[in-house]
Amino acid sequence: MATTEDRASMRTVVAASSAGTAFEWYDFFIFGSLAQVISKTFFSGLSDTAGYVAALALFGVGFAFRPLGALVFGKIGDQAGRKGAFLATVLLMGGATFAIALLPTYRQAGIISPILLILLRCVQGFALGGEYGGAAIYVAEHSPPKERGWSTSWVQTSAAFGLFGALLVILVTRWLLGVHAGPEAFDAWGWRIPFAVSIGLLGISVWMRLKLSESPAFARMKADGEASKAPYAEAFGQWKNLKLVLLAFFAMMSAQGAVWYTSFFYIQTFMEKFLKVSPVTINGLMMAATAVSAIFYVLFGWLSDKVGRKPVMLGGMTLALIFYFPGFHLLERAANPALAEATARAPVTVTADPKDCALQFDPVGKAAFVSSCDIAKSALANAGVSYANRPGLAGSAAIVQIGETRIVSQSAKGLPAKDAKAVKTTGEAAIKAALAKAGYPAKADPARMNWWGMFGVLFVFVIAATALFGPLAACLVELFPTRVRYTALSLPYHIGTGWIGGFVPFSAFAIVAATGNIYAGLWYPVGFTLISVLVTLFLLPETKDRSLDQ
């Protein structure tokens, strides 16, 4: 039976680990929440759509480096100890985030500005790659066996606290600057403040983590001389461990990346870019949803101690899979009913020669888009309006049908740059005028928003994401042997959250831009979630009662 002193020590372990991880998530999430501002500040040389796509891609770049950090810090954690590894990660993350606040803009420094931003984003991803595994393992190896789900779920809530903190700082900064410096101040220079705040959080994180001691499971293993001398070879070169890495990735992490980042990030992109909801409104809604989510991580972690990890996680990913498409359709009707009505009343179609149409996806802003079809689709993509594609006669001009209004899009092929720009401007203006006439709103009307309906949709996604994520840390720790736990756990986790999850906003937005259907991007998370549902159902064992001294 645990003594009062033991429980106090456990509370210190959980608090220090979770708080430090929350601060790192804060640093990382500021970027995703400011994608629109980042695109204007560091990619002002690109078009609006290209700049936004570039910002989302850069958000993903940070995640792409997470597996590398997982390998480097995983080896350190398995050979030298858990504590030192995740103390180093918080120093790297905090320093890189603060440095972003000091960067010059594109207008000030040209191409060097986004290059420096990319480098710092890579450092952030590298640091975060070593953070999560260390914190989860450290808490689990201190925890009583029957409370492992409950204890590690507090590490899971760190993502919620980090995101909530990021949204809160952004919201307060926007409000204060709007009152005292004008509405343009935040986009001009105020965006730096949330990044600068991280230096204070860094100091608190380092202080808390310096107070911790090494985990008992690792200390026993090291004292017995059983620490791994070649974590990579053991984790990935031996089939008994490699199959666990693959199982963790396909059963849990494919869905975790897809579900969590759709529920908390792509949904923001969808509301802002397609539903025309204001950033302040989105921040408020996401803060409410994130605050509620903190409770459910712990609830589902506790539940997994009673009924098992597998049924709780399987329930969460299945709920998300079923609700993706219905949920986003409901969100449109709740957030922007005028858009839903206009889409039903006056659907948009583009009839064009398929050979005249390029892929409407230009992450570097170099595509000309001067054909008849491209000018029409580019205007619709910039407006964030969903449209259907129909094949036209070979060599014919593209026709945009908006309800009863028919617009023939002119081609700018072969024209001088000045004349081509004039043709594109005229065509885009005609399409925008027709959209306005058909009732397509330029912005969502707050007076017509169904606030409870919007929150209800977010709440269902919160339940799905927290049911999956709450018990996940305990399950991952229990799945792997102590000798290679840090290395073997961290890699699949960060490939799933980093490569699959981090690129959800970018990939889904790219699919929408390519197809013209604002809901088509959801096929990306649907595919990865479906894989995990099937693998978890048929292959993942229950890990709840396993010993960590293996």
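Our structure's up above, just so we're on the same page.
Cut-offs used in this document
- In every chain, residue numbers begin from 1 and rise along the written sequence.
- Side-chain atom pairs in this predicted model are given and counted only at pLDDT of 80 or more, local residue features only at pLDDT of at least 70, and totals for whole chains, interfaces and linings cover all residues.
- Each side-chain value is worked out from all heavy atoms of the structure, with water and hydrogens disregarded.
- By salt bridge we mean one thing: a side-chain nitrogen of Lys or Arg within 4 Å of a carboxyl oxygen of Asp or Glu.
- Secondary structure elements follow DSSP: runs of H or I of four or more residues count as helices, runs of E of two or more count as strands, with numbering from the N terminus.
- Between buried and exposed lies partly exposed: a residue is buried under 20% and exposed over 50% of the maximum accessible area for its type, with that area taken using a 1.4 Å probe on protein chains only.
- We call two strands paired when DSSP finds no fewer than two bridges between them.
- Interaxial angles span 0 to 180 degrees and are taken between N-to-C directions of axes, which are lines fitted to C-alpha atoms, for helices over the stretch in contact.
- Throughout, the term roughly parallel applies to angles under 35 degrees, roughly antiparallel to angles over 145, roughly perpendicular to angles from 65 to 115, and oblique to all others.
- Crossing handedness is read from the near helix: turned anticlockwise from the far helix by less than a right angle, it gives a left-handed crossing, and turned clockwise, a right-handed one.
- Contact definition: two residues touch when any of their heavy atoms are within 4.5 Å.
- Lys, Arg, Asp and Glu make up the charged group, whereas Ala, Val, Leu, Ile, Met, Phe, Trp, Tyr, Cys and Pro make up the nonpolar group; the residues left over, Gly among them, are polar.
- Disulfides are defined as cysteine sulfur pairs within 2.5 Å.
- Identification of polar contacts relies on pairs of N or O atoms within 3.5 Å, with a donor-acceptor requirement for protein atoms, meaning one able to donate a hydrogen and the other able to accept it, and with residues adjacent in sequence counted only if both atoms are side-chain atoms.

Once that is clear, we can look at the pattern of salt bridges. Enumeration according to the criterion identifies seven salt bridges in this entry. Arg 309 is the partner of Glu 478 in a salt bridge, and the nearest nitrogen-oxygen pair spans 2.7 Å. One end of the pair, Glu 478, is in helix H21 (residues 472–479); the other, Arg 309, is in helix H16 (residues 309–335), with 169 residues separating them in the sequence. The pair Glu 478 / Arg 309 is uniform in exposure class, with both members buried. A salt bridge links Lys 413 to Asp 356, with the nearest nitrogen and oxygen atoms 3.3 Å apart. Of the two residues, Lys 413 sits in the loop between strand E4 (405–408) and helix H19 (417–437) while Asp 356 sits in the loop between strand E1 (348–352) and helix H18 (372–383), which places them 57 residues apart along the sequence. Overlapping salt bridges, with partners in common, bring together Arg 148, Asp 305, Arg 309 and Glu 478 in one network.

Quick look at the pairing of E4 now. Examined bridge by bridge, strand E3 (residues 399–402) and E4 share four bridges and lie antiparallel to one another. Pairing of Ile 399 across the sheet is with Val 408, part of E4. Between E3 and E4, which pair antiparallel and follow one another directly, the connecting turn spans two residues, one of which, Gly 403, has a positive phi of 65°.

The next point concerns the packing of H18 against H19. Between H18 and H19, the least distance of the axes is 9 Å, while the angle of their chain directions is 55°. Classed by the angle they form, the pair H18 and H19 counts as oblique. Along this stretch, H18 crosses H19, giving a crossing that reads as right-handed. In this structure, H18 contributes Ile 375, Ala 376, Ser 378, Ala 379, Leu 380, Asn 382 and Ala 383 to the contact, and H19 contributes Val 423, Lys 424, Glu 428, Ile 431 and Leu 435. For the contact of H18 with H19, the per-class residue count stands at eight nonpolar, two polar and two charged.

This model, assessed by the stated rule, comprises one disulfide. Cys 357 shares a disulfide with Cys 373; S-S distance 1.9 Å. On the sign convention where negative means left-handed, the S-S torsion of about 105° between Cys 357 and Cys 373 marks this disulfide as right-handed. Note that Cys 357 is positioned in the loop between E1 and H18 and Cys 373 in helix H18, a separation of 16 residues in sequence. Taking the relative accessible area as the measure of exposure, Cys 357 reaches 23% and is therefore partly exposed. Overall, the relative accessible area of 0% leaves Cys 373 in the buried class.

Moving on, we get to the side chain of Arg 485. Considering the arrangement of structural elements, one finds Arg 485 in helix H22 (residues 485–501). Its relative accessible area of 0% is what places Arg 485 among the buried residues. Among the polar contacts listed, one links the side chain of Arg 485 to the backbone oxygen of Val 477, at a separation of 3.1 Å.

As a further point, take the packing of H16 against helix H20 (residues 451–469). Direction vectors running N to C along H16 and H20 enclose 165°, while the axes themselves pass 8 Å from each other. When the interaxial angle is binned, H16 and H20 end up roughly antiparallel. Here H16 runs over H20; the crossing is left-handed.

Moving on, we get to the sheet that holds E3. With respect to topology, four strands assemble into an open sheet ordered E2-E1-E3-E4, the strand pairing being mixed. Where the open sheet ends on each side, the last strands, each with one partner, are strand E2 (388–391) and E4. Mean inter-strand twist for the sheet, computed between neighbouring axes without regard to direction, equals 20°. Pairing geometry for E1 and E3, over four bridges, is antiparallel.

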